[in-house]
Amino acid sequence: GSTSDVYSGDYFYLFPIVGSYVCASGLASENGNLSSDPMFVDAANGNFRLRPASSCIDAGENEDGMESQTDMVGNPRIGNARVDMGCYEFSFNAGFRAKLEGPLSAATSLMARNPFIPLTSPYAPDSRAVTAIPTNAVDWVLLELRATTNAAPVYARSVFLREDGRAMTETGATVNPVDVTPMTNYFVSVKHRNHLASTTAEAAAFTNEVVEVNFTTDSEAYLGGTNVAVQVGADWAARMGDLDGDG
């Protein structure tokens, strides 16, 4: 059998490795095993989360029932269609910021809250429902990621826009977990049904665990520039328009 270095406290031990879908240095590449460094964030201090460049991401074997299971910290066990090796499922911690012409006040740089936000998202790619609307939500928007500007989305999620333009989940968190293939660039879109879509002028790099996309600072952040964005006070915002074509 194969052997591999296993870290424990201040010492390294040489153990025989038996099994499948294991990732460890010096391991024979067979039965789904990987011989590469798993690239833990900080193994010496007990942080066994994976870094974005780890070959263990999306390299495990999906099993029946995993769709309803979670990892060690409660995140979905399967992300980006295939389970990761290890006890933590990798996802990017992404922050998105966008504002909307109309609700946006030039005086305060804040958007007015829509008092009639439905409990179910109006966007078909992710028509998720909630039991309560966050108190500082402006409305639902749809986040999408694409490899190219005209490609099908590889990620779509309904979220809320907060008054200050930050995208937030139904729990109010502004750090959005995004499961896509690491070390890849994606065009990011923020869509609202009464506005033109906001899409990044350049593909954003998903190479670090934390990713930030901000549409509010400059018209050059938008694909289409001032054709799709308008300045409101100190901010740039998506122009009003009928995105979903329902009049």
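Owing to the predicted nature of the structure, the values given are computational and were not obtained by experimental measurement.

Calculation criteria
- Residues numbered from 1 in each chain as written.
- Predicted model: local features only at pLDDT ≥ 70, side-chain atom pairs only at ≥ 80, totals over all residues.
- Heavy atoms only, no water.
- Pairing = 2+ DSSP bridges.
- Helix = DSSP H or I, 4+ residues; strand = E, 2+ residues; numbered from the N terminus.
- Axes fitted to C-alpha atoms, helices over the stretch in contact; angles between N-to-C directions.
- pLDDT = per-residue confidence, 0-100.
- Contact = heavy atoms within 4.5 Å.
- Phe/Tyr/Trp six-rings, centres within 6.5 Å; stacked < 30°, edge-to-face > 60°.
- Lys NZ or Arg CZ within 6 Å of the ring centre and 35° of its normal.
- Salt bridge = Lys/Arg side-chain N within 4 Å of Asp/Glu carboxyl O.
- Buried < 20%, exposed > 50% of the residue type's maximum accessible area, 1.4 Å probe, protein only.

A. Looking closely at the sheet that holds strand β11 (residues 176-178). With mixed pairing, three strands are arranged side by side in an open sheet as β11-β7-β15. The open sheet has two free edges, formed respectively by β11 and β15 (210-214), since each of these has just one partner strand. The mean angle between the axes of side-by-side strands here comes to 35°, regardless of whether they run parallel or antiparallel. Across three bridges, the pairing between strand β7 (residues 92-97) and β11 is antiparallel. What sits directly across from A94, in β11, is N176.

B. Spatial organisation of the confidence of the model for the protein chain. On average, residues of the protein chain score 87 in pLDDT, and 86% of them reach the 70 mark or higher. The low-confidence segment residues 1-15 (pLDDT under 50) makes 30 contacts with residues lying over four places distant or belonging to another chain.

C. Here's a closer look at the packing of aromatic side chains. Inspection of the entire model under this criterion finds six aromatic pairs. When the ring of F40 is compared with that of F48, the centres are 5.0 Å apart and the planes differ by 90°; the resulting orientation is edge-to-face. Put simply, the rings of F90, F92, Y186 and F206 pair up and form one aromatic cluster. In this structure, R49 is placed above the aromatic ring of Y88, and the distance from its NZ or CZ to the ring centre is 5.0 Å.

D. Main features of the pairing of strand β4 (residues 47-50). With two bridges joining them, strand β3 (residues 40-42) and β4 adopt antiparallel strand pairing. Directly across from D42, in β4, lies its bridge partner N47. Here β3 folds back onto β4, and the loop between the two strands holds four residues, one of which, G46, carries a positive phi near 85°.

E. The arrangement of the pattern of salt bridges in detail. By the definition in use, this model includes nine salt bridges. Ionic pairing is found between R128 and D126, a salt bridge with its closest N-O pair at 2.8 Å. The shortest N-O distance in the salt bridge between E144 and R146 comes to 2.8 Å. Like R146, E144 is buried. In the salt-bridge network here, residues are joined through shared partners; they are D126, R128, R157 and E170.

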